[in-house]
Structure formats: C-alpha cells, structure tokens
Amino acid sequence: MDSSLKIAFIPPILNVFYKKSKDNFMPLGLLTLAAELEKRHTVVIYQPHKRLLNKTDYELVAKDILKLNPDIIGFSTWCISYPSSVLIADELKARAPNIPILFGGPQASILAEYSLSKFKSIDYILQGEADQTLPLLLEQLNKSKADYSIVQGLVYRQKNGTIKTNKINKPISDLNKLPVPAYEMIPKQKTIKLDVGRGCPFHCTYCSTNNFFSKKYRTKSANRIIREMLDIYRSIKIKSFSFAHDMFTLNKDFISELCTKLIDLRYEMGINFSWTCSARIDCVDKDLLKLMKEAGCNAIFFGIETGSSKIQKIIRKNLDVNKAYEVAGFCRENNIEMHASYIIGFPEETQEDIESTLNSIVKMAFNGARTQVSVLSLLPGTEVYQKHSEKLKFDGRFSNFSSNMISFEELNLIKAYPRIFSSFYYLPNDTLRREEITYLTNFINRQNLFRNTIFLIKEILKSNIEKISLLDSFKTEFQNIKTNYSKSTYVSNWIRLLKEIIFKTNEGQISPYTYDVFYYESYKALLLTLYTGWHILEPQTRSSHVPLENTIIKPLPTWKTIETTFLLEKILPSETNWDNNRNKPRIGNYNYLLVATSEVECKRYRISRKDLYLLTNLMKLSVANYVNNVKSIASEKEVNHWLRKMQRLGVIQIITKKCVKSRL
C-alpha cells in the first residue's frame, strides 16, 4: 500500500423514523480519529441516505462505499447498530475481499474474539480507545511484513487462522493532547455535540461503556473546551452545545472553573453559549446548579434508574432517591430542564420495587422533570449479563429502540447469535408479563407530552395517587386494552385519563387556564403520533416557488388550528419558569397553528384571524381556484406569499397537475 491511505469510516447506522435524529449519532471518538488521521491520510465518513430494510439496501450501501475507493474500511459500533454493521461488512467483503475491514467501538470491543470467530468479513477489531493504536495499525498495514503484535488492543486472525488478542492499551490520560475533533464532518445542525471528556469511575452492574473507557475519569481543560466552542462559533456561528461526557460534574472544582470562564467570556465578548450535560444527582448541589445555569447550562440528563433503595444497592448505582427530588427542585428553580431516566426489569425487582419506581417517576413529573423509562438491556461484558444471560428470551419486539426499524436480514442475524446481540433480547420479569412491561414503559414515556398539564393539576393527582397502588391500577387498566395497541393508544389513554380528572374536579380547585393547556398538549401529542405513521409512507415533494398555473394545493395532515381563552405563552409552566404567579394570564381569543415537523417536534405559531380564515379554507384544489375563493380577504399577491410560507412550515405541498395524474 502507499504511505498515504484512504480510510472510509462508517458510523453507527440507525434506521430511525425521522431524518433529523441521524445527525445526533456521530461518535465523537470517530471525529477525533478522523482529525488525527487527516494529518497523513485521506478520511471520509459515509452515512447512507436511506433506511436499510432489505438485502438490496445493504448491497447498494456497499457499492456506494466502494465507489469511494477506500484502502481500509472502519466501522464504529454500538449495540443497536451492530447487526447492520455486520451485514454491510459481509456485502463489502463479497465485492472487495482484499480491502481490510476494521471494527471498533464499545460493542465490538466487548465481543472482539467471538465476533471474529463468527463473522469472517471482519478482519480486525481494535478494543477500547483507538487514538494511539489506529495510527499504529495503519503503519503496519503499509508494510510488506506487518507486525500486528505491537498494536495494543488489536484482535486479529493469524496466518494459521487462530485469533490473537493483544494486551489492551492504557487510555490516553491528557485529553488536551488530542486534536480537535473534525466537527466539520457533522451535518449542519443547530446544536453541536462537544467532546469534553471520557470515562466514568462508577461500577453500575448494567453499564458497558464504563469498561470501554477503563473507568478512568478524564476531562479536557476548561481553556481547551472554551477554545473549541469559540472555534465552532467563529466558523459556523453555533452557540448551542451538548457536552459529551457520561459523568460531567464529578470534579466540582473543574466545573466551577469552566463556568466562571464562560461567564467571564459572556461579559468580555458578549457571546452567550448554551449547553447541556449528563451528571449524577450526588455530584451536583444547589450552588453548583445555580452557577451552571449562569454559565449557560439549560438541561441536564440524570440516570436515576430505580426508585427502590434495595435495587439501588443491588445494581451498585447507590443513589439516595430522595436527593433526586431535591435536585429536581433546584433544577426547576434555576430553569434547568431535568431529564430523569429510569429502568424497569431488573431481575431482583419485586412488585414493591416497581411501585417505588413508578412513584418516583410521578414525583419527578410533579417537579417539572422530563422522565423516561426503558426496559433493562443485558449488554455483553456487564455483571448483570454474566449472571442472567442464560435466561434471555426473544420475541422480536425492541421496546427500548422504538424509533429504530429492523430489517428481516437483521432479525435472522439477531436470532442466530444471541450472545452477540443480547441487547435485542429481554429478561423475563416475575412481577410483570412481557406485554405489560412493554406497554407500561411506552405509556410512561408519553407522559412528557402532558408535562404542563400534569404540573398544573399535580395537587389533585397527589391526593389521588396516595390512595392507590400505581402498579395495581396499571394492571387493571391494561386488562381493558386490546393486545393490538399502537402509539396512538398510549396518547389516547393519556388524554382520556387526564380529561376524566380535570372535568371531574371542581373549577375552584384548578386554574381556569388548565383547560387551554390540556387541549393544547392533547392536540400536540396527537399530531406527533400522526406524523410518525404518515411521514414513513407518504413521499414529500417541495417546490421552490408557488406558480399559479397547473398546480394543486395538497394540505398535509400533520397540522391543526386551535383557539384558546388565555395566551399560551403566559400560562405554560415550562415557558414561564414554572411559576405562573409571576405572569398574569391574558384573557381574550387567541388562535394558534400547530405543525408537527418530526416525530418529536411540534411547532406552535400564533396566527391572526386572517390566517385562520385562509387555513380553514384550505383544501385540495388548484392554486388559482384557491386564490379566487379567498379573494374577499386577501389579494392574489398576498395569497401567493402566504402559500409559500405555509409550504415552508409544512402545512401544504404544492404539486403539479402532471404529478397528480402520474400518481393516479
């Protein structure tokens, strides 16, 4: 090979429902490697522009990758993307057997020897952090007589076919020595995920990433982090960042230094950076959260996992759950959005433990936190996997990956190798049946769609919940649900339950604007659910202009107009710092347009009475006829401009009459 190589990197490939989310799954380690290797080699990162749903799709992706003429192809792997990575590697090896294929990342590192023994398309696996070892491997690939034994952490086949595993290298201790990740390779987006550090020193029994980073906590220096933020701002004007680190706030002195420098930067240069991070509830306090907010922090992700003190000890998370409610209060007071994550399905969980978790989730919601719950995944290399892997079952449902579609080829692979793809399996629970736990987790995760309503009626909910068992109530509710429930079922049941509570409550016990908030969140939730199914099946065509000849207006189904008695901007707790007493509600007649723009985003626009009239009269007809229908309220020029705006917002499509006939 030439001294300079062309490396094609393939990040984890997720068959997500909505395109926007693809941009958020680019591993920062891959971008750091790209930046280092670009000093000597040519680096390209390939992401498919289509979902991988059958063998033909994998073949097309392999052909696209080979068109790049790579000398080596490297896959970054996660558990959820591992099947697709293997299938693409198979197609590549069938077409170009002489191109080395390298796997890295957490999933491949954990299963290195076993993966090489089962998948002949994989030539090498680099375990752990590859900043120092990948350049060394490329050097050996360039030699006529390579000595792979000197590449630490490398797993490979020797000439006799036996698999050799080299001792894994120590992770790099000074992250400031690493190059700035190749952020320019990330598709354009509003928020950049920033590489600020690595490693978590805790020993949770269900976590695999702490082993990947050798449990060694490290961060870049405050000055280095700020320099990267400034470089990005100066080049692409982005001021919003997601700090990537599993346990960012472990070192409070470091956080204080970084926050102080960010605050000073705002006063000196007038740049208001905003950022999010991940933390543990026992590694923050009231004063630190206040300082973080002043420095631009607007959201923090916390892994609570369970509301049971017993399970906290068993899984070695060792959190005081009561501290979580205190932290939630501090976050709300500082207008920091708190994300609280839970897991259901630990093997030792009893009915009492699950009841404690459900109560904890509800208490978090009362504090304005965004909650989420997932079913326990048994990841290879974890303690819980080693203890319970023989009990795993498979039913083809992946409740933790609800936004990811699995192809028939992937299903066959998953079923053939349960040890490798254990994250797609489930561990039976003695307290809840599989159907119950799947429905329960999905139902809870729709709670965030009604977080403002729940906050406004929390006192009523508290009085009701104190009298009942949440788990028993859920089981009773589940018995009344048909087995073919869908995403719309979860949302419909939330609407029904909240409606019963609100309209059975005396008016004096709830705020008068609660009804407006409830209706707003209900329609928003329904539109998001509708968007998911419609967007997958319906092709979208957009024109850059709106001609008046030979064109048809096609109203899309993912929008709705609503009328409220109160101005929403003044009554939504999440938009008024969770304190409505500071903002006197404005009474009147207000009209809004709601438009679902992705599976998780529904935009709200306040509209005039003229807008409402124009929207009410939208139907499938020619642009010319529509202009004629509304000429009493707007001129042709005004309507043309308004239609362009509605097209940009996602309310309508403008299609040619020729296109309509061809579809028929």
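Before reading further, recall that the structure is shown in the block above.
Source: prediction; values computed, not measured. (Residues numbered from 1 in each chain as written. Predicted model: local features only at pLDDT ≥ 70, side-chain atom pairs only at ≥ 80, totals over all residues. Heavy atoms only, no water.)

This brings us to the overall build of the protein. Helix and strand counts for the protein stand at 26 helices and 21 strands. Whereas a compact globule of 664 residues would reach a radius of gyration of roughly 26 Å, the protein reaches 27 Å, a difference of no more than 12%. If you line up the protein on its principal axes, its C-alpha atoms span 80 × 65 × 60 Å. For the protein, buried positions account for 54% of its 664 residues. For the protein, the share of sequence-separated contacts (at least 6 apart) that also reach a separation of at least 24 residues comes to 73%. For the protein, the centre of its 93 positive side-chain charges and the centre of its 67 negative side-chain charges are spaced 5 Å apart. (Helix = DSSP H or I, 4+ residues; strand = E, 2+ residues; numbered from the N terminus. Rg over C-alpha atoms; globule rule 2.2 N^0.38 Å. Buried < 20%, exposed > 50% of the residue type's maximum accessible area, 1.4 Å probe, protein only. Contact = heavy atoms within 4.5 Å. Lys, Arg positive; Asp, Glu negative; His and termini not counted. Charge placed at Lys NZ, Arg CZ, Asp CG, Glu CD.)

The next thing to look at is a nonpolar patch on the surface. Taken together, the side chains of F503, Y519, Y523 and L526 define a hydrophobic patch exposed on the protein surface, amounting to about 360 Å² of accessible area. Assignment of secondary structure puts F503 in helix α20 (residues 487-504). Under the relative-accessibility criterion, F503 is labelled partly exposed at 43%. (Patch = residues over 30% accessible without salt bridge, like charges linked within 9 Å, V, L, I, M, F, W, Y side chains within 5 Å. Areas by Shrake-Rupley, 256 points an atom, 1.4 Å probe, with all protein chains shown as cover. Salt bridge = Lys/Arg side-chain N within 4 Å of Asp/Glu carboxyl O.)

A side chain of one charge can pair with a side chain of the opposite charge if their charged atoms are brought near each other. This structure, assessed with the given rule, holds 31 salt bridges. K67 is the salt-bridge partner of D64, the closest N and O atoms lying 3.9 Å from each other. D64 gets classed as partly exposed once you look at its relative accessible area, which sits at 32%. R218 serves as the salt-bridge partner of E129, at 2.7 Å between the closest nitrogen and oxygen. Within this pair, whereas E129 is found in the loop between β5 (124-126) and α6 (133-141), its partner R218 is found in strand β10 (residues 218-219), the two being separated by 89 residues in sequence. A single burial state applies to E129 and to R218, both of which are buried. Residues participating in the shared-partner salt-bridge network are K55, E59, E91 and R95.

This part covers the sheet that holds strand β20 (residues 621-622). Pairing is antiparallel across the open sheet formed by three strands, whose spatial order is β20-β16-β21. Single-partner strands in this sheet number two, and they are β20 and β21 (652-656). Sheet topology places strand β16 (residues 551-555) next to β20; two bridges connect them, and they run antiparallel. By the bridge assignment for β20, I553 is matched with L621. (Pairing = 2+ DSSP bridges.)

Tracing the sequence through the fold places N166 in the loop between β7 (163-165) and β8 (191-195). Every residue in contact with N166, bar those within four places of it in the chain, is listed here: Q127, Y148, S149, V151, Q152, G153, L154 and Y156.

What you see with strand β4 (residues 101-104) is no split at all: I101 and F103 on one side and L102 and G104 on the other are buried throughout. Alignment of strand β3 (residues 72-76) against β4, held across four bridges, turns out to be parallel. Residue pairing for β4: G74 is matched across the bridge by L102. The β-α-β motif built from β3, the intervening helix α3 (residues 82-95) and the parallel element β4 has right-handed crossover chirality. Two strands pair when backbone bridges link them, and β4 and β5 are joined in this way by two bridges, in the parallel orientation. Residue L102 lies in a different strand from β5, and its bridge partner there is Y124. (Right-handed = clockwise from strand over helix to strand, strands pointing away.)

Attention shifts here to the packing of aromatic side chains. Counting across every chain of the model gives 27 aromatic pairs. Between the aromatic rings of Y148 and Y156, the centroid separation amounts to 5.5 Å while the plane-to-plane angle is 55°, which identifies the pairing as tilted. Of the residues examined, Y148 reaches a relative accessible area of 18% and is grouped as buried. Taking the centre distance of 6.1 Å and the plane angle of 90° together, the rings of Y233 and F273 count as edge-to-face. Of this pair, Y233 sits in helix α8 (residues 222-236) while F273 sits in the loop between α9 (252-269) and β12 (274-279); the two residues are 40 residues apart in sequence, bridging distant segments of the chain. Residue classification places Y233 among the partly exposed residues on the basis of a relative accessible area of 21%. (Phe/Tyr/Trp six-rings, centres within 6.5 Å; stacked < 30°, edge-to-face > 60°.)

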